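Structural characterization, general
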Amino acid sequence: MPELPEVESLSRFLAEQLVGRTVDRVYPVAVHALKTYDPPITALEGRSFDAVTRHGKFLDLTAGDAHLVIHLARAGWVRWTEKMADAPPRPGKGPLALRVRLAAAPDGDTGTGTDSGTGFDVTEAGTQKGLALYVVRDPLDVPGVARLGPDPFAADFTLAAFTELLAGRRSQIKGVLRDQSVIAGIGNAYSDEILHAARMSPYKLATALTEDEIGTLYEAIGTTLADAVERSRGLPLRDLKSEKKSGLRVHGRKGEACPVCGDTIREVSFSSSAMQYCPTCQTGGKPLADRRMSRLLK
């Protein structure tokens with residue numbers, strides 16, 4: 001699932017490519033992905049993109065007073081194309097959900113303009129469809145955006161603010177980090193990475209953290225996410241997913257050696273996801289039982 005670092009990299013790439021460009025045609029291929037109808041998605045046609053920003057895991061493409069807000073869910077992605085086929089895409093069972101074709105861009109040297117056909121596709125792999133597309137006048141009209149907690153890259157996400165967010169939360173810290181209403185943008189993968197960097201059990205209760213542990217966790221959030229964004233800098237979109245996987249130290253690496261201590265990375269499986277951790281680094285050498293509500297095995 002694309003999380004904050006990947007969506008941040010997507011937004012930076014798209015900002016470089018889209019700002020100042022005009023939408024020629026919009027092709028909504030997977031109608032089930034459209035979550036709004038007023039304004040219609042075709043209202044983007046003829047408008048120029050002014051900015052591309054991010055709200056947590058949501059992309060926000062601004063064109064005048066309209067915002068195309070995209071949530072990529074578990075298996076969504078954006079694919080940039082320099083030369084699209086002239087024929088409009090046909091609805092079907094493939095991964096394509098939305099195609100945005102740009103008008104010809106002016107050529108500063110000749111004034112003749114480059115060929116049209118540049119644009120991007122929004123796709124979603126797999127059979128479980130969670131991709132969501134919104135066209136709104138205000139990003140806060142998207143329920144998922146409206147409920148977001150503070151962004152880890154925001155100036156007001158200070159240690160004091162983070163400490164206040166954790167106060168009184170009798171939930172396991174793994175779940176707190178993934179709760180988008182508490183902190184925006186962190187998902188399953190990077191919560192595993194952050195907890196490993198902080199040498200903290202995913203089952204530890206947020207309310208039980210000491211002042212030093214909160215400080216360590218806060219630092220791990222910042223460095224883990226910033227390092228992931230930096231690794232992606234300058235990469236083409238097609239390489240961002242593989243870069244994410246190669247940069248993870250514990251998530252998705254069950255059975256491999258921990259890069260810090262050499263212990264075997266273990267996994268706890270849930271109904272629709274799994275988390276990975278290092279027993280030596282995070283749980284005092286004790287494995288976690290493989291069920292949702294377990295405590296440390298004795």
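My aim in this report is to walk through the structure given alongside it, one point at a time. Being a predicted model, the structure only gives us computed values, none of them experimental.

**What about the layout of surface pockets?**
- Approximately 430 Å³ is the volume attributed to the largest pocket.
- Taken together, 18 residues form the lining of the largest pocket, with Met 1, Arg 74, Ala 189, Lys 244 and His 251 sitting closest to its centre.
- Among the elements that take part in the lining of the largest pocket, helix H7 (residues 240–247) stands out by supplying three residues, more than any other.
- In terms of residue class, the lining of the largest pocket is built from five nonpolar, six polar and seven charged.

**Some points on the sheet that holds strand S1 (residues 23–28)**
- Reading across the sheet, the four strands line up as S1-S6-S7-S5 and stay open at both edges, with antiparallel pairing between neighbours. Each edge of the open sheet carries a strand with a single partner, namely S1 and strand S5 (76–81). Strand-to-strand twist across the sheet, computed as the mean angle between neighbouring axes with direction ignored, equals 15 degrees.
- Set on the sheet, helix H1 (residues 4–18) makes contact with S5, strand S6 (96–102) and strand S7 (119–124); between it and S5 the angle comes to about 25 degrees.

**Section: the state of the cysteines**
- Scanning all chains against the criterion turns up zero disulfides.
- Free of any disulfide, Cys 278 has its nearest cysteine sulfur in Cys 261, 3.4 Å distant.
- In this structure Cys 281 is not part of a disulfide, and its nearest cysteine sulfur, from Cys 278, lies 3.7 Å away.
- Take Cys 281: its relative accessible area is 5%, and that puts it in the buried class.

What counts and how
Residues numbered from 1 in each chain as written. Predicted model: local features only at pLDDT ≥ 70, side-chain atom pairs only at ≥ 80, totals over all residues. Heavy atoms only, no water. 1 Å grid on protein atoms, 1.4 Å probe; cavity = no way out; pocket = protein on both sides within 12 Å on 5 of 7 lines; lining within 4 Å. Points joined across faces, edges and corners; volume = space filled by probe spheres on them. Helix = DSSP H or I, 4+ residues; strand = E, 2+ residues; numbered from the N terminus. Nonpolar A, V, L, I, M, F, W, Y, C, P; charged D, E, K, R; others polar. Pairing = 2+ DSSP bridges. Axes fitted to C-alpha atoms, helices over the stretch in contact; angles between N-to-C directions. Contact = heavy atoms within 4.5 Å. Disulfide = S-S within 2.5 Å. Buried < 20%, exposed > 50% of the residue type's maximum accessible area, 1.4 Å probe, protein only.

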